[in-house]
Amino acid sequence: MEHISKRFGDFYANRDVDLSVARGEVHTLLGENGAGKSTLMNILIGLYQPTEGKIFLNGKEVRIESPSQAVALGIGMVYQHFMLVEAMTVFENIILGGRNSSGIFIDREARRKEILELSERYGLDVELDKLITEISVGAQQRVEILKALYHGAELLILDEPSAALTDIEVEGLFAIMRKLIGEGKSIIFISHKMREVLHISDRITILRAGQVVTTVDRAETDGQALASMMIGRELSGSHYEKRVSKDRPVVRLDRVDYDKASKHNGLNGVSLEVRQGEIVGIAGVDGNGQTQLAQLVTGVIAPQSGAISFDEKHVAVFDPSAFIESGVAHVPEDRNLQGLIGSMSVADNLVLKSTGTSAFSKWRGLLLKKNAIGDYSRKMAQRYDIRCTSVDQDVRSLSGGNQQKVILARELESDPSLLVAAHPTRGLDIGATRFVHDQMIAARDRGVGILLISADFDEILEMSDRILVIFEGQIMGEFSGENPPIEEISLAMTGR
Amino acid sequence: MEKLKRSLTAFIVPVLSILLAFAIGAVIMALLGASPVQALQYLLKGAFGSRANIGTTLSRATPLMFTALCACFAYKCGVFNLGGEGQFIIGSVAACYVALRSGITGPAAAILCLIAGALAGGLWGAVPGALKITRGQNEMIISIMLNYVATLFMGVVYTNWLRDASVPQTEAVPEATQLPRVVTGMRFTWALVIAVAVGLLLYYFLFWTSTGFKLRAVGFNMTASRFNGFPIKRYILTSFIVSGAIAGLGGAAELLGTQLRLINGFGAGYGFDGVAMALIGQLHPIATMLVAVFFAALRTGSTTMQAATGVPTSVSDIIQALVIVFSVAGMALVKLPEFEAFRLRVFGKRGRKEGVKA
Amino acid sequence: MSFVSNLLLATVRMAVPLLFIALAELYSERAGMVNIGLEGLAAIGSLVGFLVCFISGSTWLGILCGALAGIAVNMIYAVATVSLCADHTVYGMAMNIFAPALASFIYRVYFGAGSDLSQIELMRGIGLPVLKDIPFLGDLLFNQTPMVYIAFALVAFTVVFFNKTRAGLNYKSVGEHPKAAATLGIDVIRVKYLACVICGALAGIGGAYLTTCYSNTYSEGTVAGRGFIALAAVIFGRWSGGGVLLACLFFGFCDALQIRLQVASFGLPYQFFQMIPYLATIVVLAAIGAKKAGPKASGKPYRREER
């Protein structure tokens, strides 16, 4: 790929990017969230058209205008969020699209034989007749790889393939990758996990803010150098002073169960407490019950057994409004779906929960004070650095970072005793992330208890006064936020 | 600035749609051998040409306003009430019973009729609402099925239970119970005043009260509303009941003011027309009422047009239908990112700079 | 015996138009397009079918033109929802208002406002040799109009198409996970347009059946809510060809029963019997609840370059 640029409106997601991948190598794309890795790959796969630049395959210039062309050219991608049809079987998912077979009807026997051959050759063990919903995340990934190979992929793109896997599964994945390059396939590996990058790569290209920083050989570099090139600054410890809170707990969970048979979407005997003025970080790989934990502590779902108490008071009514009454604030994991009313204005979203109060309406909500709402919103926009042309603008039209600031402003201004923040900086740029973190620390220092749930390990390390590790719905251990034992925590995150 | 831009787009799309629909209507008229200019002149004259004509237009707009406000209110809360027609009819049936069988007449009876109509309509609307929140069922299909049931039930009433001698229709509402005209010489009655009052009340409720604010939030995004502590099931059921009550009130008012008796075809088509008007009016109660007047004007005007030029009245139905086809597509179009990009390319980047302005 | 066999015979007849319209919706939803404008599509189909048949005297030509009219009108829906990403429900509703208005306009322009009810000659039944002589079942299944056979053949085709063919698998994936389909080189937009063509054609045929095979006149209420009952039939039939067939037979049975009971009367006003199909629809929907089994991406707009 030469001189690739991609513009969305005024924003360059990629600018003048060069990338070359040799046959039989694992080429890693390294970069932070929003560095432009996914955009670049979407161009290679034909989902986006580059604004400028050319793509060469085996020395010949190609134009990839659709995913089907990419498939025909032997480029296959395994997306971070799997592209599998859940209501279909493994077998059906693999043959879907099936360009390289003919005939009207599905020749199950022949296709099955082809797939089994491939799966044996590369050690990709799958059960063909199970539905996608019935198999594990690791198995789903093997299906994705098998699917790409079945469609004739010579160049395989793996987008953050280890994000949802346990350590053992990651080992298995690496074994498969080695087999693939051994057979002359090429792999573009996208990741920001240093350990894995150093482990498997042949060459590494670092992207930052849409541009290539450099391409280096694995042999000629080390983790520290890569990290500083990736972030553009030296890695340092936490910016924030850690605290040990001895204050009373604001929330306590006592052996809480929710759908405990489910490894990915349940909780099994979770007990924890968050004290006034501390940040408790929940570390763990995505999909180990974090979603359920956040929803339980905010009243969206009710536990199947066990107890929750606020300020030592036992909770009987599981309903978000009752929890909000008790002083719980929530920065939900999906801000557009769960946090904001996209079609309402910034101002409306800022006062979403408080229109009935005397500050914003007369006679118990019977007449809204629109001027007061406007004044308040402009004040908040300033205080929380919400960049918008006007507070009357639809909140949908703001950038992710500014949307998150709207939620943060609303939640923190409600004067909560507990803040539940789920992935509060996901998809945010560095500046916005920093701002969100600063606000959370300030809230902690005011005495707010904060439950921080994040799949971003660095964020957990940076922010937490105490760290709890969650794995398959269970709490695996508790660690101090001051000088946390990183190795131990990483192990706990994988279930050991 | 931002508000202005939004209301400008909200205004331009329906207006362009109406113009486009009339343009196609004119072509059809020409194809039928009439002069479009002349036909449109008669259309306009028929609708607004005299005090009497204006009165007729407003009188025809009245029931449309009720069903349009009914559709508007439910949709504001994110549920599709396609049962306006059934609720309208059931309201009129209830009112008819009170008017003919309660034994009282006069203004008190009229008020009782209106209350009965609203209650019956609300009850009829509660069925799809309740099935939606308890069984998660598709409220659209249920509410439409109930339209047919209501129409058939009304049939039972005017062919059997309240039948007026040999004719398949009910007796007329006693004169003392009827809603009087507001101005002599113009056909519209107090029903119009009630409709406008309901519309203004809805506007106030939706945009100036805390509960209305929350109801709109529920309509836009139910998940976020639940996460933010709003009792969404209660809002959905209530909005269905209120929406049904508005239509039921409309049915009662139409019976007492204009139709005076139940007869085959009473209320037919008002439900879907209401949905159309609410959508063209962008779910704004006041705009919705104006659209209702526009629809009514087309209908009254087209009678004059047919008499004078021979262009059939159903041309006006086509124009109405085209307005909805164009305006809904138009609203989707302006929301497309490609359209925004196009707008920016053509009109430059005014108002896109970042930063807070006081 | 004659009551029962008449009832079943009528059940099959009443189920057929519903079956066409429900299959139309099935093909639409399998590609992720929820189309509640079926009532309108069937209305225009019934008018055009009737009109063409009236002019040409050919029921077959009528049905063909009904299908074409359905396609033409549904293309408006296709452009608005697929290309402009308009809300499916809202636009379907717009079609429900537009198409019947168009139909009654054409009817009035052609026949004039006050003219007598024009009539046509209905399509005649064709008995299948040998099979029609099977006692009881012969009359029921093998002595019907060709449209009945076509409807049942279509069900069989649908079952095979979605379960046994590559094209069917690809088609289904568009309704389930359009992005995944796109990454595998399936042209999502094309499939969606194709779905709209199929949907328009089948709904148009369903409407045309009503005026050319069932009732020999046209009136504005001809479709009588079948477009919406068909929606319920797809939900009831769990989005499968076989399920839709059973659901349509059930609703057809309700309709047939209603007519038989009207004749028997029992001293009740006939309207109460006419309510049966509509009440049955409500009861069925309420009973099965909302176990969401339909295509996952149904009703959601699909955009290629989305960030």
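Up top is the structure.
Keep in mind it's a predicted model, so treat the numbers as computed, not measured.

What counts, and where the lines are drawn
- Residues numbered from 1 in each chain as written.
- Chains lettered and ligands numbered in written order.
- Predicted model: local features only at pLDDT ≥ 70, side-chain atom pairs only at ≥ 80, totals over all residues.
- Heavy atoms only, no water.
- Contact = heavy atoms within 4.5 Å.
- Buried area = accessible area lost by both parts, 1.4 Å probe.
- Helix = DSSP H or I, 4+ residues; strand = E, 2+ residues; numbered from the N terminus.
- Salt bridge = Lys/Arg side-chain N within 4 Å of Asp/Glu carboxyl O.
- Polar contact = N/O pair within 3.5 Å; in protein donor to acceptor, adjacent residues only side chain to side chain.
- Pairing = 2+ DSSP bridges.
- Axes fitted to C-alpha atoms, helices over the stretch in contact; angles between N-to-C directions.
- Phe/Tyr/Trp six-rings, centres within 6.5 Å; stacked < 30°, edge-to-face > 60°.
- Buried < 20%, exposed > 50% of the residue type's maximum accessible area, 1.4 Å probe, protein only.
- Lys NZ or Arg CZ within 6 Å of the ring centre and 35° of its normal.

## Points about the interface of chain C and chain B
Item 1. Contact residues are listed per partner, giving 45 residues for chain C and 45 residues for chain B.
Item 2. Here chain C packs against chain B, burying approximately 3800 Å² in sum over the two surfaces, 80% of which is carbon and sulfur.
Item 3. Where the side of chain C that touches chain B is concerned, the elements lending two or more residues are helix H3 (59-83), helix H4 (88-111), helix H10 (226-236), helix H12 (270-274) and helix H13 (276-288) of chain C.
Item 4. A per-element tally of the side of chain C that touches chain B places H4(C) first, with 13 residues.

## Here we look at the interface of chain B and chain A
Item 1. Taken together, the 31 residues of chain B in the interface contact 39 residues of chain A.
Item 2. Both faces combined, the contact of chain B with chain A buries some 3000 Å², and carbon together with sulfur accounts for 60% of it.
Item 3. When the area that chain B buries against chain A is broken down by residue, the three leading residues are B:Phe213, B:Phe227 and B:Asn228, summing to 24%.
Item 4. Where chain B touches chain A, the interface holds 0 salt bridges.
Item 5. Scanning the region where chain B abuts chain A turns up 13 residue pairs in polar contact (both at pLDDT 80 or more).

## Overview of the sheet that holds strand S10 (residues 211-217) of chain A
Residue and element names in this part refer to chain A.
Item 1. If you walk across this open sheet you meet the 6 strands as S6-S7-S8-S3-S9-S10, and the pairing is mixed. Of all the strands in the sheet, the pair left with one neighbour each is strand S6 (75-78) and S10. Between one strand axis and the next, the sheet turns through 20° on average, direction left out of account.
Item 2. The sheet contact formed by strand S9 (residues 203-208) and S10 spans 6 bridges and is antiparallel. The residue of S10 that forms the bridge with Thr-205 is Thr-215.

## A word on the packing of aromatic side chains
Item 1. For the structure shown, the criterion picks out 32 aromatic pairs over all chains.
Item 2. Look at C:Tyr27 and C:Phe162: their rings are 5.3 Å apart centre to centre, the planes differ by 40°, and that puts the pair in the tilted class. Of this pair, C:Tyr27 sits in helix H1 (residues 2-30) while C:Phe162 sits in helix H6 (residues 146-164), placing them 135 residues apart in sequence.
Item 3. Overall, C:Tyr27 belongs to the buried group, its relative accessible area being 3%.
Item 4. Three or more aromatic residues joined by ring pairs form one cluster here, namely C:Phe50, C:Phe54, C:Tyr107, C:Tyr110, C:Phe111 and C:Tyr218.
Item 5. One residue, A:Arg112, lies across the ring of A:Phe91, its end atom 5.6 Å from the ring centre.
Item 6. Across the ring face of B:Trp208, the terminal group of A:Lys370 is positioned such that the distance to the ring centre comes to 4.0 Å.

## Some thoughts on unusual backbone geometry
Glycine aside, residues mostly have negative phi, and peptide bonds are mostly found in the trans state.
Residue and element names in this part refer to chain A.
Item 1. Even without being a glycine, Asn-58 presents a positive backbone phi close to 50°.
Item 2. By the element assignment, Asn-58 lies in the loop between strand S4 (52-57) and strand S5 (60-62).
Item 3. Using a relative accessible area of 69% as the deciding quantity, one classes Asn-58 as exposed.
Item 4. Despite not being glycine, Arg-364 shows a phi value in the positive range, around 50°.
Item 5. With respect to the helices, strands and loops of the structure, Arg-364 is situated in the loop between strand S17 (361-362) and strand S18 (367-368).

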